[in-house]
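Here is what each chain is made of, one letter per residue.
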Amino acid sequence: GYEAMTSAPSSGFVDLFSGHSTQYAQARPQYPDLLYSKIFDYTGESYKRTGLALDIGCGSGQATVALLSRFDHVIGLDPSPQQLSAALYPDTTTTTSKLGKLEYKCAKAEDTKLDAGIADMITVATAVHWFDLPSFWTEAHRLLRPGGYLILWTNSETYMPTPEMQKVRDDFDKKVDPYWSPLLHLVRSRYANLDVPKDRFINHVHSVFCVPRVMRLREYGAFLRSWSAVRKYAEENPDMPDVVGVLEEGMMKAMNKT
């Protein structure tokens, strides 16, 4: 069964996405199967539809839904009711496998109000850099059962297939980079500088890998427009050309040269 529960917006969190939650849900790509294979290869457990997973800072649920084939019960948590209103649900008409129970709840990462020791796994997909980290480490440690796993990941750089296309992307980045939140330095470091307390979370492993992805230019443009920095650039430069539109035009010219 699927349940959604929202409440009044939580205060005291970095909220850069509620204003375009529907666009965010539609434009953000799904995480690759290779990512989940690496996660469960590392844990060494099949999780044959047992246990509870918490996807904290779930946004519109891209990772939340992906966990349903592994767990009996998955709860996606996000402090934004707008994000949860656009949350994804599995298409039961295209799958033959039995999926776990799915819930979405409105809650802050640092204070979920959930019972202690309930989670076999906590995932945070491209979101932990927005959290109050000392408070989140305490809450995650409280929520995990003994032997449970805290899995954090983020997207990093995008590399283009030709030098001409890469130059277009580099020019785009020069315009947009000043509008990123300072918190994004953790993403740029691929979480290598994330100070995970080793006295609470043992066997800390950091891994980086590349996944080839083919996107249509229209899809890529929609993805870029869901970025907080792109929206801030547009707000502060209303008389400047659409920065994503410039990139799309440049990409078309670059592709025609190859």
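For the structure, see preceding data.
Residues numbered from 1 in each chain as written. Predicted model: local features only at pLDDT ≥ 70, side-chain atom pairs only at ≥ 80, totals over all residues. Heavy atoms only, no water.

Trainee: Describe the overall build of the chain, listing the residues and the values that go with them.
Mentor: From N to C terminus, the chain includes ten helices and six strands. Per-residue burial for the chain yields a buried fraction of 47% across its 258 residues. Considering only intrachain contacts with a sequence separation of at least 6, the fraction spanning at least 24 residues in the chain is 76%. For the chain, the computed accessible surface area is about 13,900 Å², with 52% contributed by carbon and sulfur atoms. (Helix = DSSP H or I, 4+ residues; strand = E, 2+ residues; numbered from the N terminus. Buried < 20%, exposed > 50% of the residue type's maximum accessible area, 1.4 Å probe, protein only. Contact = heavy atoms within 4.5 Å. Areas by Shrake-Rupley, 256 points an atom, 1.4 Å probe, with all protein chains shown as cover.)

Trainee: I'd like a rundown of the environment of L194, residues and numbers included.
Mentor: You can see L194 is positioned in the loop between helix 7 (185–188) and helix 8 (217–225). Taking the relative accessible area as the measure of exposure, L194 reaches 8% and is therefore buried. As for L194 and L133, which are separated by 61 residues in sequence, their C-alpha atoms are 9.2 Å apart. If we ignore the near neighbours within four places in the chain, the residues touching L194 are V128, L133, W137, L152 and L186.

Trainee: I'd like to hear about the state of the cysteines, residue by residue, with values.
Mentor: For the structure on display, the rule yields zero disulfides. Here C106 is not cross-linked by a disulfide; its sulfur's nearest cysteine counterpart is in C58, at 9.4 Å. Judged by relative accessible area, C106 falls into the buried class, the value being 14%. (Disulfide = S-S within 2.5 Å.)

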